[in-house]
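# Structural characterization, general
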Amino acid sequence: MEKVNIVIVGGGPAGLAAAAAAYDAGERSILILERDSMLGGILNQCIHNGFGLHTFKEELTGPEYAKRFEDQVEARGIACKLNTMVMDISPEKVVTAMNRTDGMFTIEAGAVVLAMGCRERSRGALNIPGYRPAGIYSAGTAQRLVNIEGFMPGREVVILGSGDIGLIMARRMTLEGAKVKVVAELMPYSGGLKRNIVQCLDDFGIPLKLSHTVVDIQGKDRVTGVTIAEVDSRNKPIPGTEEFYSCDTLLLSCGLLPENELSRQAGVALSPVTNGPVVNESLETSIPGVFAAGNVLHVHDLVDYVSEEAAAAGRNAAAYVRGDLVEDRSHEIPLEFAGGPRYTVPATLDPAKMGDAVTIRFRVGAVMKNRFVDLYLDDERVLHRRRQVMAPGEMEELVLKKSMFEKHGETSRITIRVEEA
């Protein structure tokens, strides 16, 4: 059995950033395991711009952003195994993987960083009635077909779901000569960034129908059309509101799910809200020495935040291997929230173990306007931020500094509260 101090599962933006940061923190025994034939993960098919504004202070495409981190990993001589599928991670941090060259093999890891990313919600999870004809794709699959394989899925398109991938594919299909008839969204608000609604739909005259969903798919061998209808407050179709659109392609952009089958098998505690691991201020899961970052932890809106979060996980993994990370969890304080947030990352925090500052990220459950976001230590308000608009599609963050705890003294409760201005 091979021994490696830090094993990183996933060679996408999170895995690459974690590896580079662990190396810079002094660790040299690092191995990246990636199931694809190249590093970069999902960024390789995201050829649109808008990446890197926070990290590199310039606008890059997805492949350009990934290449920056690939170059960092290569320059540091960090080992990686491509075309390698991780089959199991034990609670003792024994990683079982396989590939064509080595067959089935095991690695005894000092620490593990989970960076497997996320996947799209499938048609089977949506309960759409109708036959199963050709022409139904997830938006991410269509993106790969167009941008990497050079294959055009169809010419007349309806998109269900207004997540960022769906919005971007509405623009991409239009630029490739297809006619995007409509984007239907079940919720009364879009799940994507405001800038993507403007740049991908408004600029191309593509209609967005909120509170609508697909109620029927026509066609046996190939999609010939779809019927959408308005939904009520319980998301049930309203009779009499049906609209038919002829099309040969239906793209589904109905949400992303963290890829946590390995985490679940290992016994990592998962959040019922995010479907990602529950982590503390070090991004350490319920299993000591197993860390998580990026979209496997919770779905991000910007890859820059993925890299920032993963770098912290990489540094903390290196600290764990060195023995610098105290394993006493008896003083961890759960983060409470009220008035809008659905979860927080991290979920718990130990003031004695945190660095100079911890970034707390969360999402709200509905569109909120003109609100204050307050952070309390016990009953003392230590942060007071105004937000003009908050939406489920965009992550919010607060920076909690260690100096706040030092001024406050002993703390037993940390609360994030959203209140009307």
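Notes on the structure in this doc start here. Please read all numbers here as calculations on a predicted model, not as lab measurements.

Scoring rules and cut-offs
- One numbering rule holds for all chains: residues counted from 1, following each sequence as written.
- The model is predicted, so local features are restricted to residues of pLDDT at least 70 and side-chain atom pairs to those at 80 or more, both for listing and for counting; the totals for chains, interfaces and linings are taken over all residues.
- The side-chain values count all of the structure's non-hydrogen atoms but skip hydrogen atoms and water molecules.
- Definitions used for this entry: grid spacing 1 Å over protein atoms alone; cavity, a set of points where a 1.4 Å probe fits but cannot get out; pocket, an open set with protein on both sides within 12 Å along at least 5 of 7 lines; lining residue, one with an atom within 4 Å of a point.
- Grid points are joined across faces, edges and corners, and a volume is the space filled by probe spheres set on the points.
- Only runs of H or I of at least four residues qualify as helices and only runs of E of at least two qualify as strands under DSSP, and these elements are numbered from the N terminus.
- DSSP bridges decide pairing: two strands pair if at least two such bridges lie between them.
- Where helices are involved, their axes are fitted lines through C-alpha atoms of the stretch in contact, as for all axes, and angles between N-to-C directions lie from 0 to 180°.
- Burial classification: accessible surface area is computed with a 1.4 Å probe over protein chains only, and a residue below 20% of its type maximum counts as buried, one above 50% as exposed, and the rest as partly exposed.
- What makes two residues a contact is simply this: any of their non-hydrogen atoms within 4.5 Å.
- For classification purposes, angles smaller than 35 degrees are called roughly parallel, those larger than 145 roughly antiparallel, those between 65 and 115 roughly perpendicular, and all remaining angles oblique.
- Whether a crossing is left-handed or right-handed is set by the direction in which the near helix is turned from the far one by less than a right angle, anticlockwise for left-handed and clockwise for right-handed.
- For this classification, Asp, Glu, Lys and Arg are treated as charged, while Ala, Val, Leu, Ile, Met, Phe, Trp, Tyr, Cys and Pro are nonpolar and the rest, including Gly, are polar.
- Whenever Lys or Arg places a side-chain nitrogen within 4 Å of a carboxyl oxygen from Asp or Glu, that contact is recorded as a salt bridge.

### Notes on the layout of surface pockets
Here the second largest pocket defines a volume of roughly 420 Å³. Surrounding the second largest pocket, 19 residues form its lining, E281, A312, N316, A357 and V358 being those nearest its centre. Every element with two or more residues in the lining of the second largest pocket is listed here: α7 (303-322) and β20 (357-362). Looking at the lining of the second largest pocket, the element that brings in the most residues is α7, giving five residues.

### Concerning the sheet that holds strand β14 (residues 243-246)
The strand order across the open sheet formed by three strands is β12-β13-β14, and the pairing between neighbours is antiparallel. The open sheet has two edge strands, β12 (212-218) and β14, and neither has a second partner. Between one strand and the next, the sheet's axes are offset by a mean angle of 30°, whatever the strand orientation. Where β12 meets strand β13 (residues 225-230), six bridges bridge the pair, whose relative direction is antiparallel. Its bridge partner being in β13, V214 is matched across the sheet by I228.

### Points about the environment of P392
With respect to the helices and strands, the residue P392 is situated in the loop between β22 (380-390) and β23 (396-401). Accessibility expressed as a relative area gives 16% for P392, which makes it buried. For the pair P392 and G192, spaced 200 residues apart in the sequence, the C-alpha separation amounts to 8.5 Å. Residues within four places of P392 in sequence aside, it is in contact with Y189, R363, V364, G365, A366 and V367.

### Considerations on the packing of helix α1 (residues 13-24) against α7
Interaxial distance between α1 and α7 falls to 7 Å at its minimum, and their mutual angle equals 40°. Considering the angle they form, α1 stands oblique to α7. The handedness of the crossing between α1 and α7 comes out as right-handed. In this structure, α1 contributes P13, A14, A17, A18, A21 and A22 to the contact, and α7 contributes V303, V306, S307, A310, A311, G314, R315 and A318. Partitioning the contact of α1 with α7 into residue classes produces 11 nonpolar, two polar and one charged.

### Remarks on the pattern of salt bridges
All chains considered together, the criterion is met by 19 salt bridges. For D324, the salt bridge identified is with R322, shortest N-O distance 2.8 Å. Through salt bridges that share partners, R35, R119, E259 and E261 make up one connected network.

### Brief notes about unusual backbone geometry
Going from V345 to P346, the amide bond is cis rather than trans, its omega being 5°. Mapped onto the elements of the fold, P346 is located in the loop between β18 (333-338) and β19 (348-349). A positive phi is found at L283, a non-glycine position, where the angle reads about 60°. On the secondary structure map, L283 appears in the loop between α6 (261-266) and β17 (290-292). Residue classification places L283 among the buried residues on the basis of a relative accessible area of 7%. Non-glycine residue D378 carries a positive phi angle of around 55°. For D378, the position within the fold is in the loop between β21 (368-377) and β22. By relative accessible area, which is 16% here, D378 ends up buried.

In short, geometric facts, not functional conclusions.
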